[in-house]
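# Overview (structure and organization)
Now for the letters of each chain:
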Amino acid sequence: MNSQHIIHRRDLPVISDTIQNELHPVLARIYAARNITSIEQLNYSLNVLHDWQDLKCIEDAVELLTTALKEQQKIVVVGDFDADGATSTALAVRGLRAMGAKHVSYRVPDRFKFGYGLTPEIVDDIASLEPDLIVTVDNGISSVDGVAVAKQKGITVLITDHHLPGEQLPDADAIVNPNQPGDRFPCKALAGVGVMFYVLMALRAKLRELNWFDVNNLPDPNLAQWLDIVALGTVADVVPLEHANRILVSQGLARIRAGQLSPGIKALLDVAGRNPSRLVASDLGFTVGPRINAAGRLDDMSLGIECLLTDSELEAKQYASQLDTLNRERRQIETGMQEQALAILQEFLQLHGHDDLPVGLCLFEPEWHEGVIGILASRIKDKLHRPVIAFAQSENGDLKGSARSVKGVHIRDVLDAIATKHPDLITKFGGHAMAAGLSLPRDNLPEFSRAFADEVSKYLEREELHGVIHSDGELPDSDIQIELADILRNAGPWGQQFEEPVFDGRFEVVNRRIVGEKHLKLVLQLPGSQRYIDAIAFNTVDDEWPENVQRVELAYRLDINEYQGRQNLQLMVDYIHPCG
């Protein structure tokens, strides 16, 4: 079941004079293709962040928190069980404690017992703590019932979230979410941790007005000290890197590279074998984020949160080691589930053919692990280039699904449309454009699968069901250099909707071999060139290639390979295909 791709070169953009005159011509072209028209859009200073006052209800939220500080109320932060939830929780706890809160604790719902968000069950569970104020982070916008139970118990509720709201908002005392109706904040793509960072900025401003820090003999907290945590959550949640998010990530990366990072993130980088001084955004997304996520997928996200909260290097190393072990276990479980899913699909294809594969695909096996279905859906989506929902059976017998989508299909809107047309199919759902979660009775799966395929088909034609690699064009030999690789590395942060530069071209194969059992190591030449260029294609084998392949077509990124103190140019291959 080989993945099919088409390389599509981005349109040659019109480059503004200011961009053209101040930057390397390749970088100027890349930025222009990402709608950068002025140098100001590349200013990643904190002083150009959007004003927190544009967030709807931010003053109400600050009033609740100020009262909680003055009265030393019991505050419980309720987070989510992914990396954005973990970083949001750690940031909220660190920030509130630094501002003088003496009774701050947190809870993350057990995904296998309570499910997602501020549910009535989790409210009942934390009621024994006798909280005065519940602060949700990275969740809550869909928690209508949970908020109602909290209010019945006399608990004040502040929701901070970034997910898309449903038709009914919860009756919380304050809601801070840039995506709620009537909100004027220009960046709708903040992660949950970004929303919490803005809440802390607003709270600090209010406390400064009250002369709070001097009166209480507290240091005025420097919020920038936690930007490594903000960067991690933002990248790991794969939110679009609009300007505000690029500022937060860029500033967080700068602190990490300068050695100004929390012990937990340092320990996670160490266990992943990453050099903090050379860190890029993708390192957070592909090495640190999965280790934090592993805690919420297989065990208790409190392990990941404690790793981010501790100021002890020894404790941080212990937490990071445990998280690394969990991540290895998660990979083993994922591999087994992926093999099962591919076997199911292969059997279907043999019986029906590729054209009969649903445009929107639902997969379920009773023994699949609920904590890993999101990764499974993502992997199958990448192979088949269509929206995928992977389901697992929960303890109560219902199915929990994790959905991943492709460009052009807003997955939460799809689920909303299905729920409107078939009100008895889905128990609950939530999410955003590219990822969502849902629950439904097991007996409803066949009908839901048909409804899902029908709804997705309104957005995708069958001829669109192939992978598209967007290339920034072909590089001449003179530009395939370590100097340009270094320029591009430092020109980020790159990420969702601000994609890292990818180039394409045809190369002569000088040598090829498999390393680490599943990675393809290559030595290449550009036609007509005498230079040898190293390249590596991870998780790629060439067993199905014709013999004596002499030329390949690549989509690749320029990278710098560091080994024993030496730096060499290396092509990181995203796609490879023999062409003669």
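Refer to the structure presented above.
For the structure given in this document, a descriptive report is provided here. Numbers given for residues are sequential positions, taken from 1 along each chain in its written order. The predicted origin of the model limits local features to residues at a pLDDT of at least 70 and limits the giving and counting of side-chain atom pairs to 80 or more, whereas totals for whole chains, interfaces and linings rest on all residues. Computation of side-chain values: all heavy atoms of the structure, hydrogens and water removed.

### Looking at the sheet that holds strand β13 (residues 503-515)
- Ordered by their spatial adjacency, five strands build a closed barrel running β13-β14-β15-β17-β16, and the pairing between neighbours is mixed. The sheet shows a mean angle of 45° between the axes of neighbouring strands, direction not considered.
- In this description, strands pair whenever DSSP reports at least two bridges between them. Each helix corresponds to a stretch of at least 4 residues labelled H or I by DSSP, and each strand to a stretch of at least 2 residues labelled E; elements are numbered beginning at the N terminus. Where strand β15 (residues 533-537) meets strand β17 (residues 566-578), three bridges bridge the pair, whose relative direction is parallel. Paired with D534 across the two strands is Q570, which belongs to β17.
- Sheet contacts for helix α18 (residues 482-489): β13, β16 (551-563) and β17; angle to β16, the most-contacted strand, approximately 75°. Axis lines are fitted to C-alpha atoms, over the contacting stretch for helices. Their N-to-C directions set the angle, which ranges from 0 to 180 degrees. Two residues qualify as a contact provided that any one of their heavy atoms is within 4.5 Å of a heavy atom in the partner residue.

### Observations regarding the side chain of R489
- Within the fold, R489 resides in helix α18.
- Throughout this description, a polar contact denotes any pair of N or O atoms lying within 3.5 Å of each other; where both atoms belong to protein, one of them has to be capable of donating a hydrogen while the other can accept it, and for residues adjacent in sequence the pair is counted only when both atoms sit in side chains. Within the structure, the side chain of R489 is placed 2.8 Å from the backbone oxygen of R278, a separation counted as a polar contact.
- R489 has contacts with R278, V280, D559 and I560, leaving out every residue within four places of it along the chain.

### Things to note about the nonpolar core
- Buried residues of nine kinds, namely Ala, Val, Leu, Ile, Met, Phe, Trp, Tyr and Cys, make up a nonpolar core once their side-chain atoms join them within 4.5 Å. A simple rule labels every residue: compare its accessible area, found with a 1.4 Å probe on the protein chains alone, to the largest value its type can have, and call it buried under 20%, exposed over 50%, or partly exposed in between. I480, F507, L558 and L571 are the most contacted members of the largest nonpolar core, which totals 146 residues.
- Beyond its immediate chain neighbours, meaning those up to four positions away, F507 contacts I480, L524, Q525, L526, P527, I533, Q550, R551, V552, L554, Y556 and L571.
- The next biggest cluster of nonpolar side chains, apart from the first, holds 25 residues, and it includes V414, L415, L440 and V456.

### Description of the pattern of salt bridges
- Here, a salt bridge means any side-chain nitrogen of Lys or Arg that lies within 4 Å of a carboxyl oxygen of Asp or Glu. Taken as a whole, this structure holds 29 salt bridges when the rule is applied.
- For the salt bridge of D486 with R278, the shortest nitrogen-to-oxygen distance reads 3.9 Å. Here D486, found in helix α18, pairs with R278, found in the loop between α11 (263-272) and α12 (281-298); they are 208 residues apart in sequence, far enough to count as distant.
- Taking relative accessible area as the criterion, D486 reaches 29% and is therefore assigned partly exposed.
- The partly exposed category is assigned to R278, whose relative accessible area is 21%.

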